[in-house]
Amino acid sequence: MIKNCIRTMLLLLAVIASFSGSAFAAGYDDKEALAGLKEVKVAFDVTAGDPKVLLGRLNVIDETRQSLIQQGVTPHFVITFRGSATRLVQTDLSKIKPEDRDGAARIAAKLAELRGAKGIDNLEQCAVAAREQGTLAELVVPSVKVVGNAWISLMAYQAKGYAYIAP
């Protein structure tokens, strides 16, 4: 009976291990695409206004950052927020639907985590988008810097060699 319990526990641990971690941990890598690269620079243009979608995108951006580091490539990521994502990265709860407030709190926590993470160069909120969404730039979550115009910021990052990704 003890042997069966141990065998079952080992099998369970193997199954759990196979489902945890990134694709890199599961035996996949990006060696071919990353060959010869020591660093990558990417500007993400995030506009998702659904808290589940936005948090999912932030998690995949973070997983990508971690995977690059694991594969020996230094990431330089800038994440910009525009459009309806703006309402989810500010602190005025009256501007967030009651059903989205828990998701917005999770987004704020993820942004605070990302702010100090290796490979995150900047987190930016567009002041034009804040105005257009009826929010105040002064009420953007503390981990995110307000910039005058995210399109200008994104143009400048691209001119500096950052790839553009709109997840």
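The structure we're discussing is the one just above.
Reading guide: rules and limits
Counting restarts for each chain, with residues numbered from 1 along the sequence as it is written. The model is predicted, so local features are restricted to residues of pLDDT at least 70 and side-chain atom pairs to those at 80 or more, both for listing and for counting; the totals for chains, interfaces and linings are taken over all residues. The side-chain figures draw on all heavy atoms in the structure; neither hydrogens nor water molecules are used. Pairing between strands is defined by DSSP: at least two bridges between them are needed. In DSSP terms, a helix is any run of H or I states spanning at least four residues, a strand is any run of E spanning at least two, and both are numbered starting from the N terminus. Whenever a helix is involved, its axis is fitted only over the stretch in contact; in every case the axis is a line through C-alpha atoms, and angles between N-to-C directions fall within 0 to 180 degrees. Should any heavy atoms of two residues lie within 4.5 Å, those residues are counted as being in contact. Categorising residues by exposure relies on relative accessible area from a 1.4 Å probe, with only protein chains included: less than 20% of the type maximum marks a residue as buried, more than 50% marks it as exposed, and the intermediate range marks it as partly exposed. Here the arc refers to the set of directions running from the helix axis out to each C-beta atom. Counted as a polar contact is a pair of N or O atoms within 3.5 Å, where, for protein atoms, one must be capable of donating a hydrogen and the other of accepting one, and residues adjacent in sequence contribute only when both atoms are in side chains. A helix is expected to span 1.5 Å for every residue after the first.

1. Observations concerning the sheet that holds strand 3 (residues 120-126)
- Pairing is parallel across the open sheet formed by 5 strands, whose spatial order is 4-3-2-1-5. Looking at the sheet topology across the chains shown, the edges are occupied by strand 4 (145-147) and strand 5 (163-165). Pairwise comparison of adjacent strand axes, ignoring direction, gives a mean angle of 30° for this sheet.
- Where strand 2 (residues 74-81) and strand 3 come together, 5 bridges link them in parallel fashion. Opposite Val 78, over in strand 3, you have Asn 122 as the bridge partner.
- Strands strand 1 (39-46), strand 2 and strand 3 of the sheet are contacted by helix 3 (residues 51-70), whose axis makes an angle of about 165° with strand 2.
- Contacting strand 1, strand 2, strand 3, strand 4 and strand 5, helix 6 (residues 150-159) crosses the sheet at an angle of about 150° to strand 3.

2. Some points on helix 6
- Buried within helix 6 are the following residues: Ala 150, Ser 153, Leu 154 and Tyr 157. The buried side chains of helix 6 occupy one side of the element, clustering within an arc of 95° when seen end-on. Exposed side chains of helix 6 directed beyond 90 degrees from the buried face belong to Trp 151, Ile 152, Met 155 and Ala 159.
- Where helix 6 is buried, its residues meet strand 1, strand 2, strand 3, strand 4 and strand 5.

3. Details of the side chain of Gln 90
- Residue placement: Gln 90 occurs in the loop between strand 2 and helix 4 (101-115).
- Within the structure, Gln 90 has its side chain in polar contact with the backbone oxygen of Arg 87 (distance 2.8 Å).
- At 2.8 Å, the side chain of Gln 90 and the backbone nitrogen of Asp 92 are in polar contact.

4. Looking at helix 4
- With 15 residues, helix 4 ought to run about 21 Å at 1.5 Å a step, and its terminal C-alpha atoms sit 21 Å apart, in line with that.
- Among the structural elements, helix 3, strand 2 and strand 3 are those in contact with the buried residues of helix 4.

5. Looking at the environment of Ala 48
- When you line up the elements, Ala 48 lands in the loop between strand 1 and helix 3.
- The spacing of Ala 48 and Pro 167 is 119 residues in sequence and 8.6 Å in space, taken between C-alpha atoms.

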